[in-house]
Amino acid sequence: MRNFRRKIKLEALTKEPKKHVRFKKGAKEFLKLASKRYKIGLVTSSALVVTTLLLEKLNITHLFDVVVTGDSVLNGKPHPEPFLTAKQVLRSQTTIAFEDSLAGILSAKGANCFTVIVHSKGVNDAWIDKADAVITDFLPLIEFLFSPQDD
């Protein structure tokens, strides 16, 4: 049954990937700018085959230095292993994790990441106190991190 569902999902994603993935305002621009200055990892509970397809169809594969998928670790989210794996590959001590699920927040926190909830309709307000920060889109981050600063 799992393989059948995955096949149906892959077919839908292949035909209309943008219908199934919605970027928050400024997210793609943020990734493009951040990938020029920082190491970027993608930690997802999705399967490698689905993740690879989406990244390719959305033309953003090149923005990530590492991709950790649900089937590439023994313990998925909320266990810290996915984020610990990404941090190890990136050789990163300081890590910011952008998450939209409680399992993701707990996983990132367990790996000692600074966690940011990307707030949307699916985010439960009870999770907010578990994260270090909350954003609704990426536009303020672009302005803060990548605009010229006056000294």
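A brief look at the structure comes next. (Residues numbered from 1 in each chain as written. Predicted model: local features only at pLDDT ≥ 70, side-chain atom pairs only at ≥ 80, totals over all residues. Heavy atoms only, no water.)

### Quick word on the pattern of salt bridges
Considering all chains together, one arrives at 2 salt bridges under this definition. For the salt bridge of Glu-99 with Lys-77, the shortest nitrogen-to-oxygen distance reads 2.8 Å. In this pair, Glu-99 is assigned in strand β3 (residues 96-99) and Lys-77 in the loop between β2 (66-68) and α5 (81-90), connecting sequence segments 22 residues apart. The class of Lys-77 is buried, set by a relative accessible area of 17%. The partner of Asp-132 in a salt bridge is Lys-109, with the nearest N and O atoms 2.8 Å apart. One end of the pair, Asp-132, is in the loop between β4 (114-118) and β5 (133-135); the other, Lys-109, is in helix α6 (residues 102-110), with 23 residues separating them in the sequence. (Salt bridge = Lys/Arg side-chain N within 4 Å of Asp/Glu carboxyl O. Helix = DSSP H or I, 4+ residues; strand = E, 2+ residues; numbered from the N terminus. Buried < 20%, exposed > 50% of the residue type's maximum accessible area, 1.4 Å probe, protein only.)

### Some remarks on a nonpolar patch on the surface
A cluster of nonpolar side chains, Ile-96, Phe-98 and Phe-114, forms an exposed patch at the surface whose accessible area comes to about 270 Å². With respect to the secondary-structure elements, Ile-96 resides in strand β3. (Patch = residues over 30% accessible without salt bridge, like charges linked within 9 Å, V, L, I, M, F, W, Y side chains within 5 Å. Areas by Shrake-Rupley, 256 points an atom, 1.4 Å probe, with all protein chains shown as cover.)

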